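Residue-level structural notes
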Amino acid sequence: MENWPRQQEAEMYLQKHKIRELFNNLSAQLIFELPNDPKAFMVEHLKTLAGSKTAPEKAPCLFDDSNLTAIFHMLDAAGRGYVTKNQYAEAMETLGLSHFDRYPPGGDNDMITLDTFVREGRKGLTKQSATYSG
């Protein structure tokens, strides 16, 4: 029990500085890229993350618009040109996003278009990636 206060202090530190999220992001990038020099890659990745504090749109992300478009088309297999609000929300959550517009344009009609899907996905991914640099 002597370590309990220290353990709580460590846990609060990890949460405050988003250390777990940072390492998850870094690990995912390493696995995705498989660089020849992982240490140099991590240093550059951390520099990029640090730079994204002032330019969040430049935060590194595993997914780009083409990936979001592909996800949309998988969900819209019938080619209707829209997905349901539920499909949209599940896709955003599957991407690991917790901060996305839960009531996007078209949501009232249960018709989320490709443009809305990609725009909202990009905003959520940018926000998520930028939080790792905090």
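In the block above lies the structure referred to throughout.
Keep in mind it's a predicted model, so treat the numbers as computed, not measured.

Turning to unusual backbone geometry, a few remarks are in order. For Lys18, which is not a glycine, the phi torsion comes out positive at approximately 55 degrees. Along the polypeptide, Lys18 turns up in the loop between α1 (4–16) and α2 (19–33). By relative accessible area, Lys18 is classed as partly exposed at 32%. For Leu34, which is not glycine, the phi torsion reads 50 degrees and is therefore positive.

Scanning the model with the defined rule gives three aromatic pairs in all. For the ring pair Tyr88 and Phe100, a centre distance of 5.8 Å and an interplane angle of 80 degrees mean the geometry is edge-to-face. Taken together, the residues Tyr88 in helix α5 (residues 85–94) and Phe100 in the loop between α5 and β2 (112–113) connect sequence positions twelve residues apart. Accessibility expressed as a relative area gives 10% for Phe100, which makes it buried. Geometrically, the ring pair formed by Tyr88 and Phe117 is edge-to-face, given 6.3 Å between the ring centres and 70 degrees between the ring planes. A residue pair is termed long-range when its members are at least 10 positions apart, and Tyr88 in helix α5 and Phe117 in helix α6 (residues 114–131) qualify at 29 residues. Take Tyr88 and Phe117: they sit in the same class, and that class is buried. Feature note: the residues Phe72, Tyr88, Phe100 and Phe117 constitute an aromatic cluster, connected by ring pairs.

Calculation notes
- Residues numbered from 1 in each chain as written.
- Predicted model: local features only at pLDDT ≥ 70, side-chain atom pairs only at ≥ 80, totals over all residues.
- Heavy atoms only, no water.
- Helix = DSSP H or I, 4+ residues; strand = E, 2+ residues; numbered from the N terminus.
- Buried < 20%, exposed > 50% of the residue type's maximum accessible area, 1.4 Å probe, protein only.
- Phe/Tyr/Trp six-rings, centres within 6.5 Å; stacked < 30°, edge-to-face > 60°.

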